[in-house]
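These are the residues of each chain, in order.
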Amino acid sequence: MKHPVDVHVGKRIRHRRWMIGMTQQQLGDAVGIKFQQIQKYETGMNRVSASRLWDIASALDVTIAFFFEGLDGDVAEAAMSEFQVEKPQGDLMVDREAQELVRSYYAIPEEQRRRLFDLARVLSDAA
């Protein structure tokens with residue numbers, strides 16, 4: 001049975017890989033495993049060991065903490081009760097438009113991206 005934390009970590013691996021335009025094959029090559037293993041990690045079918053997660057974080061240029069961001073009490077609670085996984089309500093990253101927006105956002109140079117982020121924060125506060 002898939003553990004909710006493994007599923008969450010796998011989704012974060014897939015999300016980051018997709019955001020930087022890396023294929024499963026490229027990620028597998030970077031960490032020394034076959035792309036099929038990456039597929040299993042991304043679906044939560046196989047658990048990612050600590051050392052492998054370290055290698056994946058390095059290949060994807062993120063911290064280990066990145067993979068656990070968004071892991072809230074609901075997921076932790078599900079992990080404690082029979083490992084049942086439900087699709088979170090309002091998960092924006094399953095929306096293709098949101099994914100494309102985030103990918104475009106990270107394509108903007110950092111200084112301009114900071115300004116855009118500040119603008120978005122001001123606009124959302126005003127709404």
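All figures in this text were calculated on a predicted structure; none of them were measured in a lab. (Residues numbered from 1 in each chain as written. Predicted model: local features only at pLDDT ≥ 70, side-chain atom pairs only at ≥ 80, totals over all residues. Heavy atoms only, no water.)

Novice: Can you break down the overall build of the protein residue by residue, with the values?
Specialist: Scanning the protein from terminus to terminus reveals seven helices and zero strands. Taken from the N to the C terminus, the helices and strands of the protein come in the order α-α-α-α-α-α-α. Considering only intrachain contacts with a sequence separation of at least 6, the fraction spanning at least 24 residues in the protein is 64%. Here the protein displays about 8900 Å² of accessible surface, and carbon together with sulfur accounts for 54% of that area. (Helix = DSSP H or I, 4+ residues; strand = E, 2+ residues; numbered from the N terminus. Contact = heavy atoms within 4.5 Å. Areas by Shrake-Rupley, 256 points an atom, 1.4 Å probe, with all protein chains shown as cover.)

Novice: Can you lay out helix α2 (residues 24–31) for me, pointing to particular residues and giving the numbers?
Specialist: Taken together, the buried positions of α2 are Q24, L27, G28 and V31. Relative to the axis of α2, the buried residues are bounded by an arc of 100 degrees and lie together on one face. Across from the buried face of α2, at angles greater than 90 degrees, the exposed residues are D29 and A30. On the buried face of α2, the contacting elements are α1 (4–19), α3 (35–43) and α4 (50–60). Looking one or two places after α2, you find G32, whose phi comes out positive at around 80 degrees. (Buried < 20%, exposed > 50% of the residue type's maximum accessible area, 1.4 Å probe, protein only. Arc of directions from axis to C-beta.)

Novice: Residues and numbers for the environment of V48, please.
Specialist: Of note, V48 is situated in the loop between α3 and α4. Between the alpha carbons of V48 and G10 there is a distance of 8.3 Å; along the sequence they are 38 residues apart. In this view, V48 contacts I13, Y41, L53 and I56; residues no more than four positions away in its chain are not counted.

Novice: Which residues make up α1, and what are the values?
Specialist: Here α1 spans 22 Å end to end across 16 residues, near enough to the 22 Å set by a 1.5 Å rise per residue. Among the 16 residues in α1, twelve count as buried, and that is most of the element. Taken as a whole, α1 has its buried residues at P4, D6, V7, H8, V9, G10, R12, I13, H15, R16, R17 and M19. (Expected span 1.5 Å × (residues − 1).)

Novice: Got a sec to walk through a nonpolar patch on the surface? Specific residues and values, please.
Specialist: A cluster of nonpolar side chains, L116, L119 and L123, forms an exposed patch at the surface whose accessible area comes to about 270 Å². On the secondary structure map, L123 appears in helix α7 (residues 110–126). (Patch = residues over 30% accessible without salt bridge, like charges linked within 9 Å, V, L, I, M, F, W, Y side chains within 5 Å. Salt bridge = Lys/Arg side-chain N within 4 Å of Asp/Glu carboxyl O.)

Novice: So what about the nonpolar core? Which residues, and what values?
Specialist: I13, L27, Y41, I56, L60 and F67 are the most contacted members of the largest nonpolar core, which has 16 residues in total. Elements that contribute at least two residues to this core include exactly α1, α2, α3 and α4. If one sorts the elements of this core by residue count, α4 sits on top with four residues. Beyond its immediate sequence surroundings of up to four residues, I13 is in contact with L27, Y41, E42, V48, L53, I56, L60 and F67. (Core = buried A, V, L, I, M, F, W, Y, C linked by side-chain atoms within 4.5 Å.)

Novice: So what's going on with the packing of α1 against α3? Residues and values would help.
Specialist: Between α1 and α3, the least distance of the axes is 6 Å, while the angle of their chain directions is 120 degrees. Of the possible angle classes, the one that applies to α1 and α3 is oblique. Contact residues: D6, V7, G10, K11, I13, R14 and R17 in α1; Y41, E42 and T43 in α3. Of the residues assigned to the contact of α1 with α3, the class counts are three nonpolar, two polar and five charged. (Axes fitted to C-alpha atoms, helices over the stretch in contact; angles between N-to-C directions. Parallel < 35°, antiparallel > 145°, perpendicular 65-115°, else oblique. Nonpolar A, V, L, I, M, F, W, Y, C, P; charged D, E, K, R; others polar.)

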